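# Residue-level structural notes
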Amino acid sequence: MVPVVCLWLAGCASLPDTYAPPMQRRPLTGPEPNPVDHYVTMSEADADVHFVSGISDTTEAATWRWTGPRAELIFRLTTTGHLRFAMDFAIPEMTFKQRGPVAISISINGRLLDKLRYEKGGQFHFEKPAPFDWLRTDAYNFVTLEIDKPWVSPDDGARLGIILTSAGFVQ
Amino acid sequence: MPPAFYILFGAALTVAVAMALGKLLLRALGLKFHRQEEHLFALVTGSACLSLLVFLLATIGVARKGVFQPLGLGIVAVAVWRGAHRSAGAPLAPLAKFWQRLFYAVFGIFTVLYFFNAMAPEMSPDGSTYHLGLVARYLRNHGFERITTNMYANLSQGIEMLYLFAFSIGRHSAAALVHFAFLVTLPLAMLAYARRFGFVEAGVAGALFTFVSPVVGQDGATAYIDTAVACLLFVLFYLLQIWERERTPRLLIPIGLLAGFCYAAKYTAVVGLLYALGFVGWKQLRARQPAIRPLAVVALCALVMIVPWVAKNWIWLGNPFSPFFNSLFPNPYVHISFEKEYVRHMQNYPGLGSHWEIPLEVTVRGTVLCGLLGPLFLLAPVGLLALRHPAGRQLLLAGGLFLLPYFGNIGTRFLIPAVPFVSLAMALVLVRWKPLAAAFVIAHAVASWPDVVKTYCDRDAWRLAEVPVRQALRIESEESWLTRKSPYYPIARLLDDAAPPGSRILTFSQAPDAYTSREILVAYQSAFNATMGDILWTPLIPEYQPTWQFSFKFPPRPLRKVRVVQTNDGGPDHWSVAELRVFSGEREMPRASRWRLRAHPNPWDVQMAFDNSPVTRWRSWHTLFPGMYVEVDFGRVETIDKVVLECARDQYRIQLKLEAQTPSGEWQALAGEPEEAKLSQPLGLRWAAIDEIKRRGITHLLVYAEDFGADDFRKKAVVWGLTFLGERNRARLYRLD
């Protein structure tokens, strides 16, 4: 009896079954506001707004790009406190035969944050606090990656550094 | 006053009021029971009355401590004044010394264990989220409010009404102690039943089999409801057995109330009502006596308890049994697809290799199905031998019926309603060798003590781990203990500290509702929340983005309506339309206010296919079936020659056709197969997604490290338009800018 009564009562509930067109959203004609932000992932469609120099135009496997021996990126920050510079990258094992151990110098706005040395290939994650007084919110922040020994591609002779997946500042 | 006082007072007053109401009711009906039974039946039937009373107070918006406390004290005073506290019944048959000592020794030790766990700060997964989260919300609002964004608010909450009474005075632990009261009542009721019907030793053993079972203790010492439900079902069974013997017509009134309260406590406990009706009807027929009147009494009394919950859902949600039966009662608040997925999920817990693993999982391991009954219950099939005993047949029939809902949710605690019956059946068999039965009781008790359980169960099994005396007495503060032990509590503190009052926080996983006053919307808990999740994931999942275009082209035609119909059948795809555009020549027709939009199924979201936003889409929220459609009524005759759909690619199996209504009102198939094209990936989706969910009233986002997209929110917060506010226990809170 209860289900029958409820069925009947619920049938009385009135919700509209037709609707007027809603408010129209503005068409999206470009990337998000502030396309240059605090972090870049190579898979993003608009990742190249963060590149100043030394990063390949081509995204490989939709996730990574080669850097050159010296790569420069820009980032825009809304705060400078408690930030860490983070980077996901890889160094192919096969490149060590040609160039031996690799050192990567990471600089922020011209100041050396760290110098990393790798003797074997692999995937790596780097993360280190960025001193707040090195950073600025009123202008772009420049991050430079310098690889001491480039790998020369046997196919086209391109001088390549590391495989970069993402980089930037995180809290 | 120390906090412990309020906790104990809140729980004690709730139990006392329930007992007082029960005693007044039983006395008014002139029912006579044995002395021990009077207290048990009074507590359980009185709980039904108190639950209903609190429901009514919450409905009229006066659910507050200032009302509950004087009202409760008044009810207790009236009961005392009427002499209801004095027992008139004769005592039950005495226990033999050995069995008495055995019972009270084991019962006493485990009662202490359970009491201190129940009184310790509440941090159970469901207790600290929705059970007490909703109770806290009702208390803040002084009653019910229309909640369409949390499916747990749609469930019947009869036990939570008792928690609301206790919570108003002693907060979370007072509620857990009310559940503890049911936990303690259950074995006492089992023993009383056995004493009345003449198998005392089996009663002792069976009651202890149930009481010390690890999952029963764990559940009953928190603000869950399963043990209370088991207690209700057992007392219902017990009263029915008495009615069968005595045939006192007035006994059918508490039986009916209790049967209805089973539904009010938990939907699946409606089996209690079915059992009561079936039992009374069958017994009357067998005795060649009219069944209509007694059945009507039981049904009407049950309806008193059931109708409030049914009506609440009907009025507010259009579905009297929400969040289930959404196909029968379509509504905008719970998606049909969610219901199906939820039911399937409850029948197949992740981590369970096959259903053959269930016996070991529910008795010994305890992680995958969340709790363990103890190894003793590997012997449960022995209970079938009790079929030779008349009481055994009754127990196994009821236990079998109460076991049925388990197949809808295979978590261990969903076995609890059947455990008392299985326990007594096992005990009826084992007591043929009394020393053996006693040995089993002792072995089961030893194997169920926390220090022993951990030696054989899985490391992460859901179980009691210690006797937290200092925490129960608040010698260690609640804040300190919860911060150390609860994964949720620190997150609640973050929400209260960083999000202002009135915030609506969207999250993808369970969140600590019971310890924050901020409104939390969990993505899977309602249709609205799921739509927010869909919008938010669109920038992250390329297959969700509108990059698949279908164009229906035809010679210019004057038409009144057009309708795109989906014709394929089957899952797992849902049909969705991000935009439906209508063209006349090269010009897209502006969406005029006279247009009327319609969709089937899920008509309520049709506007999302006409809002020009690439992050919103109308979704069927139902697997494909022929006849799904999205329709535009132009409100007058328009000459058009093209209809374009922009769709996501996560719907590989859709097949579309176009139909149109001519000026004469006739529906015709129009155009042939649509032309397909690939659209470029829209940019700016993150910002657009945040803008859309902001428009819908969301102010914050709580993202756990394990959530899909957590890394992107962290690294691209600025692009999303989010401000990071803080992190606790791997959960990050963002404000929508």
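Quick summary incoming for the structure in this document. (Residues numbered from 1 in each chain as written. Chains lettered and ligands numbered in written order. Predicted model: local features only at pLDDT ≥ 70, side-chain atom pairs only at ≥ 80, totals over all residues. Heavy atoms only, no water.)

Moving on to the overall build of chain B. A count of helices and strands for chain B gives 25 helices and 15 strands. The C-alpha radius of gyration of chain B comes to 29 Å, within 12% of the 27 Å expected for a compact globule of 737 residues. In terms of principal-axis extent, the alpha carbons of chain B reach across some 95 × 65 × 50 Å. By the burial criterion, 62% of the 737 residues in chain B qualify as buried. Intrachain contacts of chain B at a sequence separation of at least 6 include 77% that bridge at least 24 residues. Accessible surface, chain B: about 27,200 Å² in total, of which carbon and sulfur atoms supply 60%. Of note, chain B has its 73 positive side-chain charges centred 10 Å away from the centre of its 54 negative side-chain charges. (Helix = DSSP H or I, 4+ residues; strand = E, 2+ residues; numbered from the N terminus. Rg over C-alpha atoms; globule rule 2.2 N^0.38 Å. Buried < 20%, exposed > 50% of the residue type's maximum accessible area, 1.4 Å probe, protein only. Contact = heavy atoms within 4.5 Å. Areas by Shrake-Rupley, 256 points an atom, 1.4 Å probe, with all protein chains shown as cover. Lys, Arg positive; Asp, Glu negative; His and termini not counted. Charge placed at Lys NZ, Arg CZ, Asp CG, Glu CD.)

This part is about the pairing of strand β8 (residues 141–147) of chain A. Residue and element names in this part refer to chain A. For β8, a buried count of five out of seven residues is recorded, marking the element as mostly surrounded by other parts of the structure. Where strand β3 (residues 65–75) meets β8, six bridges bridge the pair, whose relative direction is antiparallel. The residue bridging A71 from the neighbouring strand is L145, located in β8. Where strand β5 (residues 102–108) meets β8, five bridges bridge the pair, whose relative direction is antiparallel. When the sheet's bridge partners are listed, I104 is paired in β8 with I147. (Pairing = 2+ DSSP bridges.)

Moving on, we get to the packing of aromatic side chains. In the structure shown here, the tally under the stated rule is 58 aromatic pairs over all chains. With a centroid separation of 6.2 Å and 85 degrees between ring planes, the pair formed by A:W64 and A:W66 is classed as edge-to-face. Exposure remark for A:W64: the relative accessible area of 23% places this residue in the partly exposed category. Here A:F85 and A:F126 contribute two aromatic rings whose centre-to-centre distance is 6.4 Å and whose plane-to-plane angle is 50 degrees, an arrangement assigned as tilted. Of the two residues, A:F85 sits in strand β4 (residues 84–91) while A:F126 sits in strand β7 (residues 122–129), which places them 41 residues apart along the sequence. Judged by its relative accessible area of 0%, A:F85 is buried. When the ring centre of B:F583 is taken as reference, the NZ or CZ atom of B:K642 above it lies at 4.6 Å. The ring of B:F724 carries the charged tip of B:R732 above its face, separated from the ring centre by 4.0 Å. (Phe/Tyr/Trp six-rings, centres within 6.5 Å; stacked < 30°, edge-to-face > 60°. Lys NZ or Arg CZ within 6 Å of the ring centre and 35° of its normal.)

Let us now look at unusual backbone geometry. Excluding glycine, residues mostly carry a negative phi; peptide bonds, for their part, are mostly trans. The peptide bond linking B:S322 to B:P323 adopts the cis configuration, its omega dihedral lying at 10 degrees. Checked against the element boundaries, B:P323 lands in the loop between α12 (292–317) and α13 (336–347). With omega at 0 degrees, the peptide bond leading from B:G571 into B:P572 counts as cis. Among the secondary structure elements, B:P572 is positioned in strand β4 (residues 570–577). Its identity is not glycine, yet A:A61 carries a phi of approximately 50 degrees, on the positive side.

One pass over the full model with this rule turns up 50 salt bridges over all chains. A salt bridge links B:E519 to B:R504; the shortest N-O distance between them is 3.2 Å. Residue B:E519 is found in strand β2 (residues 519–522), and its partner B:R504 is found in strand β1 (residues 504–507); the two are separated by 15 residues along the sequence. Residues participating in the shared-partner salt-bridge network are A:D17, B:R563, B:R598, B:E631, B:K657 and B:E659. (Salt bridge = Lys/Arg side-chain N within 4 Å of Asp/Glu carboxyl O.)

On the surface, a cluster of positive charge is contributed by B:R27, B:K32, B:R82, B:R86 and B:R250. With respect to the secondary-structure elements, B:K32 resides in the loop between α1 (3–28) and α2 (35–59). (Patch = residues over 30% accessible without salt bridge, like charges linked within 9 Å, V, L, I, M, F, W, Y side chains within 5 Å.)

Its place among the elements puts B:S327 in the loop between α12 and α13. Not counting residues within four places of it along the chain, the set of residues in contact with B:S327 comprises B:I336 and B:E339.

All right, on to the environment of B:V637 then. Residue and element names in this part refer to chain B. The residue V637 is located in strand β9 (residues 628–647) in this model. Among the residues examined, V637 registers a relative accessible area of 34% and is labelled partly exposed. Taking the C-alpha atoms as reference, V637 lies 5.9 Å from P558; in sequence the two are 79 residues apart. Beyond its immediate sequence surroundings of up to four residues, V637 is in contact with P558, L559, R560 and P663.

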